[in-house]
Amino acid sequence: MTAYAAVVLAGGAARRMGGRDKPAVPVHGRPMRDRVLAAVADAVPRVLVGPAGPLPADVLVTREEPAGGGPVAATAAGLALLHPGTTVVALLAADLPLLTRPAVGVLLDALAGGSGPAADGVCLLDDQGHRQPLCGVWRVPPLRAALDRVAARRAGTLAGASMRELLGELTVRELAWSAAGPPPWFDCDTDSDVRRAEEWTR
């Protein structure tokens, strides 16, 4: 499976980092947002949901409604820019500075293969066994349908909906990362996390 789109969510409040533009924070001299976009350089299209600085010309930019409405609303905003025929999307947080194209490839291969019932999506587990839904790949039709069901339960709005609620509508395959090297699921919520990511990228 090689044809896929990518939606990168960059609209969080970053309260634990003083409310600054967290995806623009550099890790080893490169904004985290740019690192994530580079990991999906072969995706068509690439969509960034949230505030945007300088970006490659092919990256589409949009905002969730309302701005700051949360990851589920941002997911819907990103999917709205995909071609109707798009079947697979990588859904990623913009604060994953250790994400790589090979890691995305592992997720895509896991979605395409595997035994048992077909999954609607595949996401990585962190080292504590917690699901990382914003480090995964998803089949677009069931993801759109799940968004519609969540919106229907919430009087037509996705603002404030949680990823847990959305994923409750989907069949999810969880994948523990076992390859060598820095963990691609590592997200940076604090300055300490950024320093740790810096150490991994040296």
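By convention here, each chain's residues receive numbers from 1 onward along its written sequence. Confidence filtering applies because this is a predicted model: local features only for residues at pLDDT of at least 70, side-chain atom pairs given and counted only at 80 or more, and all residues used for totals across whole chains, interfaces and linings. To get the side-chain values, take all heavy atoms of the structure and skip hydrogens and water.

Considerations on the side chain of Gln132
The numbering of helices and of strands both runs from the N terminus, where a helix is a DSSP run of H or I of at least 4 residues and a strand a run of E of at least 2. Looking at the secondary structure, you find Gln132 in strand β8 (residues 131-139). A distance of 3.2 Å separates a polar atom in the side chain of Gln132 from a polar atom in the side chain of Asp126. In this analysis, two residues are considered to be in contact whenever any of their non-hydrogen atoms come within 4.5 Å of each other. Setting aside chain neighbours within four positions, we find Gln132 in contact with Cys123, Leu124, Asp126 and Trp185. Polar contact is defined as a pair of N or O atoms within 3.5 Å, subject to the rule that within protein one atom must be able to donate a hydrogen and the other to accept it, and that residues adjacent in sequence are counted only when both atoms are side-chain atoms.

What about the packing of helix α2 (residues 71-79) against helix α4 (residues 140-153)?
Packing of α2 against α4 leaves a shortest axis separation of 11 Å and a crossing angle of 130°. In terms of orientation, α2 and α4 fall into the oblique class. Taken as a pair, α2 and α4 cross one another with a handedness that is left-handed. Residues Val72, Thr75, Ala76 and Leu79 of α2 pack against Leu143, Arg144 and Leu147 of α4. All amino acids are sorted into three groups, where Ala, Val, Leu, Ile, Met, Phe, Trp, Tyr, Cys and Pro are nonpolar, Asp, Glu, Lys and Arg are charged, and the leftover types, Gly among them, are polar. For the contact of α2 with α4, a count of residues per class yields five nonpolar, one polar and one charged. Structural elements are reduced to axes, namely lines fitted to C-alpha atoms, with helices fitted over the stretch in contact, and the angle between N-to-C directions of any two is expressed from 0 to 180 degrees. Throughout, the term roughly parallel applies to angles under 35 degrees, roughly antiparallel to angles over 145, roughly perpendicular to angles from 65 to 115, and oblique to all others. Handedness of a crossing follows from how the near helix is turned relative to the far one, being left-handed for an anticlockwise turn of less than a right angle and right-handed for a clockwise one.

Some details on the sheet that holds strand β5 (residues 59-62)
Strand order across the open sheet formed by seven strands is β5-β4-β1-β6-β8-β7-β9, with mixed pairing between neighbours. Looking along the sheet, the strands with just one partner apiece sit at the ends: β5 and β9 (172-176). Averaged over all pairs of adjacent strands, the angle between strand axes in this sheet comes to 25°, irrespective of strand direction. Here five bridges tie strand β7 (residues 121-125) to β8, and the two strands are oriented antiparallel to one another. Looking across to β8, one finds that Leu124 is bridged to Gln132. On the sheet, helix α1 (residues 32-39) packs against β1 (5-9), β4 (46-49), β5 and β6 (88-93) and is oriented at approximately 155° with respect to β4. Across the face of the sheet, α4 comes into contact with β6 and β8 while running at roughly 120° to β8. We call two strands paired when DSSP finds no fewer than two bridges between them.

Some thoughts on the packing of aromatic side chains
Within 6.5 Å between ring centres, the rings of Phe, Tyr and Trp (the latter by its six-membered ring) count as paired, and their orientation is classed by plane angle as stacked under 30 degrees, edge-to-face over 60, tilted in between. As enumerated under the stated definition, the model contains two aromatic pairs in all. Between Trp185 and Phe186 the ring centres are 6.4 Å apart and the planes differ by 55°, which places this aromatic pair in the tilted class. The same class applies to Trp185 and to Phe186, which are both buried. Between Phe186 and Trp200, the aromatic rings sit 5.1 Å apart at their centres with planes inclined by 75°, giving edge-to-face as the arrangement. Here Phe186, found in the loop between β9 and α6 (191-200), pairs with Trp200, found in helix α6; they are 14 residues apart in sequence, far enough to count as distant. According to the relative accessible area criterion, Phe186 is buried, its value standing at 4%. Per-residue accessibility, obtained with a 1.4 Å probe over protein chains only, is compared with the maximum for each type, and a residue is labelled buried under 20%, exposed over 50%, and partly exposed between these values.

Quick word on the environment of Asp95
Residue position: Asp95 is located in the loop between β6 and α3 (101-112). For Asp95, a relative accessible area of 7% gives the class buried. On a C-alpha basis, the gap between Asp95 and Thr190 in space is 10 Å, while along the polypeptide they are 95 residues apart. In contact with Asp95, not counting residues within four places along its chain, are Lys22, Met32, Phe186, Asp187, Cys188 and Asp189.

Comments concerning the side chain of Thr75
Among the secondary structure elements, Thr75 is positioned in helix α2. The buried category is assigned to Thr75, whose relative accessible area is 0%.

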